[in-house]
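Commentary on secondary and tertiary structure
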Amino acid sequence: MVRKNDERLIVHWGDVLSRLLGDSNLMKSLFQFLPRDFTEPRHKPTGGFGRELKFMGRRIGHRSFFRMIRIDWQEGPILLWLEIAFSRGFTRLNGSKPLLHMQKSLLPLFLFALILPEFAFAQKNYPPKIVGAERVTYKEVGEVKLDLWVFKPESWTADDRRPAVIFFFGGGWKAGSPGQFTEQCKKLAARGMVAMTADYRVRSRHGTLAKDCVDDARDAMRWARTHAGELGIDPGRLAAGGGSAGGHIAACLGVISPEGEESVSSRADALLLFNPACVLAPIDGKMPWNEDRSEEMRERMGVDPIAISPAHHVDAGDPPAALFHGVEDPTVSVETAEIFTAKMNEAGVQCRLFAYEGEKHGFFNFGRGDNRMFEATTKDMESFLTELGWLE
C-alpha cells in the first residue's frame, strides 16, 4: 500500500486509450492484466471495473515504486486515472506540477506501451494450435465453446480402459493457453495413457473468476467420465493435473467436494500438481496475511478463499498426489507445497513433493531453457504414476 505520507500526483487523461484503440472490449481485456511484477507478492484490488485497483510495484533499489490505475466504465468515454507515487526519500514531487513532461499526443502511446507487453505475453499461444490431438467440445456457455485436446496412444482402441489425465493451464485464473501441457500429454500418451489438455474460462477473455475456472474443470471431468466408452478410458482412473492456477484447479478436483449432488463425479482419482496454488488463506498459524491480502484474494476467487483453498479441505478420502515445485519459486512459495503435502500425509493420503533446488516458477514448462527441467519433472511424474500402477 502507498503510505499516507507519500506524495502523490494524479494525471487525468480521459478517453485516451479508447480513442487510440477504438475498441472498448479490447480495452476491458487489456486492463484485466496486472503485470506479474506488480501483482506479486501482493496487491490490493478493491473491485472490478468502475472501482480502484491498487497494487505494489517493482523495487527500485531499497525504495518502492507504486502505481495505481483506476478505470471507470461509463456510457460515454473511458476515463483513466494514472497515479504514480514515489516513496518518501526517493523523489520529491510537487503535487501542483505536471508529473509527465511530454506532449499530450504522446501520452496515449505511453500508456498503451505500459500495458501492451504483458497483454501480449498473457495471450501468447491462444487460441492454441495443437497438433496430433483430437479436439472435442466439453462445454458451452453462451457463445463460448470450451474444448479438450485428446492425445491417444498408437495402439488405442475405444474398447480400452486406459488411465487418463486432464491438464489445466496456468495463468493466474486470468490468462493462459491449453497448449501449455501439450508435451506432457504426448509423453504420457506414448506411455499408454489417454492424456488431455483443457480450455477453461479466464478473466481476460470471459470476465470470470477463480470459482468459475473450478466449475469448468469439474465439467471437463464429468464430460470425460460420461464419454469414457468413446475415449477408451477407465472412469475410475482419471487424474487431474495443472500448473500454478491450473494446479490449484486440479487440486480442488481432488480435495474439495462440489456443492450439491453429482450424477457424474468430477472428483479426480490422482493429482499431478506443478507449482500449484494450494494455500489461499492463512492456515494453522502459518502464512499469515494482512487484511489487504485477504481482500485481494476474495476479489480474485469470487468466493471466500477458504472455500476453494485445497490445503483447508484435506481429509483421509483424498486421492494420491504428486507436487513438482521449484525451491526458489517467488510466485508460489514452496512453503505452500510443503504445507499441503504435510496435510495430506497427516491424513494418511499418499502425497509426494518433488522439490527442485534453484528452480523458480514455471521451471517445468517445455521450451524453458534446454528442457532439462521439463525432462526431469516428466520423469518424476511418470515414476509417480508407475507407483500407482497406472504406467508399466
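To be clear, the structure that these remarks concern was listed above.
The rules we used
- Residues numbered from 1 in each chain as written.
- Predicted model: local features only at pLDDT ≥ 70, side-chain atom pairs only at ≥ 80, totals over all residues.
- Heavy atoms only, no water.
- Helix = DSSP H or I, 4+ residues; strand = E, 2+ residues; numbered from the N terminus.
- Buried < 20%, exposed > 50% of the residue type's maximum accessible area, 1.4 Å probe, protein only.
- Contact = heavy atoms within 4.5 Å.
- Areas by Shrake-Rupley, 256 points an atom, 1.4 Å probe, with all protein chains shown as cover.
- Phe/Tyr/Trp six-rings, centres within 6.5 Å; stacked < 30°, edge-to-face > 60°.
- Pairing = 2+ DSSP bridges.
- Axes fitted to C-alpha atoms, helices over the stretch in contact; angles between N-to-C directions.
- Parallel < 35°, antiparallel > 145°, perpendicular 65-115°, else oblique.
- Left-handed = near helix turned anticlockwise from the far one by under 90°.
- Nonpolar A, V, L, I, M, F, W, Y, C, P; charged D, E, K, R; others polar.
- Core = buried A, V, L, I, M, F, W, Y, C linked by side-chain atoms within 4.5 Å.
- Expected span 1.5 Å × (residues − 1).
- Polar contact = N/O pair within 3.5 Å; in protein donor to acceptor, adjacent residues only side chain to side chain.

This part covers the overall build of the chain. For the chain, the helix and strand inventory stands at 12 helices and 13 strands. Residues counted as buried form 53% of the 392 residues belonging to the chain. Across the chain, contacts joining residues at least 24 apart in sequence account for 71% of those joining residues at least 6 apart. Within the structure as shown, the chain displays about 17,900 Å² of accessible surface, and the carbon and sulfur contribution to it stands at 49%.

This part covers the packing of aromatic side chains. As enumerated under the stated definition, the model contains 11 aromatic pairs in all. Between Phe167 and Phe181, the ring centres sit 4.8 Å apart and the planes meet at 5 degrees, which makes this aromatic pair stacked. Taken together, the residues Phe167 in strand β8 (residues 162-168) and Phe181 in the loop between β8 and α5 (182-190) connect sequence positions 14 residues apart. For the pair Phe167 and Phe181, a shared accessibility class is recorded, and that class is buried. Ring centres 4.6 Å apart and planes at 20 degrees place the aromatic pair Phe274 and Phe324 in the stacked group. Remark: Phe324 occurs in strand β12 (residues 321-326) and Phe274 occurs in strand β11 (residues 271-274); sequence separation between them is 50 residues. Classification of Phe324 by relative accessible area gives buried; the value is 0%.

Right, let's talk about unusual backbone geometry for a bit. Despite not being glycine, Asn275 has its phi angle at roughly 30 degrees, a positive value. Inspection of the secondary structure puts Asn275 in the loop between β11 and α10 (291-301). Unusually for a residue other than glycine, Asp284 sits at a positive phi of about 50 degrees. By relative accessible area, Asp284 is classed as exposed at 56%.

So, about the pairing of strand β6 (residues 134-141). Inspection of the sheet shows β6 paired to strand β7 (residues 144-151) by seven bridges, in the antiparallel sense. Residue Glu134 lies in a different strand from β7, and its bridge partner there is Val150. Where β6 folds back onto β7 in an antiparallel hairpin, the turn is made up of two residues, including Gly142, whose phi is positive at roughly 65 degrees.

With that settled, the discussion passes to the packing of α5 against helix α12 (residues 372-387). Two elements in contact, α5 and α12, have axes whose closest approach is 11 Å; the angle formed by their N-to-C orientations is 45 degrees. Classed by the angle they form, the pair α5 and α12 counts as oblique. Like other packed secondary-structure pairs, α5 and α12 cross with a definite hand, here right-handed. Contact with α5, carried on its side by Glu183, Gln184, Lys187 and Leu188, involves Phe374, Glu375, Thr378, Met381, Glu382 and Leu385 of α12 and no other residues of that element. For the contact of α5 with α12, the residue count by class is four nonpolar, two polar and four charged.

The next point concerns the nonpolar core. The nonpolar side chains of soluble globular proteins are, as a tendency, buried together. Leu148, Ile166, Phe168, Trp173, Met196 and Phe340 are the most contacted members of the largest nonpolar core, which totals 58 residues. Considering every element that reaches this core, the biggest residue donor is helix α7 (residues 210-226), with eight residues. Beyond its immediate stretch of four places on either side in the chain, Phe340 contacts Val255, Leu273, Cys278, Pro310, Ala311, Val314, Leu323 and Cys351. Listed in part, the 27 residues of the second largest apolar core include Leu188, Ala239, Leu272 and Tyr356.

This brings us to helix α11 (residues 334-346). Look at α11: 18 Å from first C-alpha to last across 13 residues, which is about the 18 Å you get at 1.5 Å a residue. Those residues of α11 not exposed but buried are Val334, Thr336, Ala337, Ile339, Phe340, Thr341 and Met344. Buried-residue contacts for α11 involve α9 (245-255), β11, β12 and β13 (351-356). In this structure Ser333 caps α11, since a side-chain oxygen of it lies 3.0 Å from the backbone nitrogen of Glu335. Within two residues after α11, Gly348 carries a phi angle of roughly 85 degrees, on the positive side.

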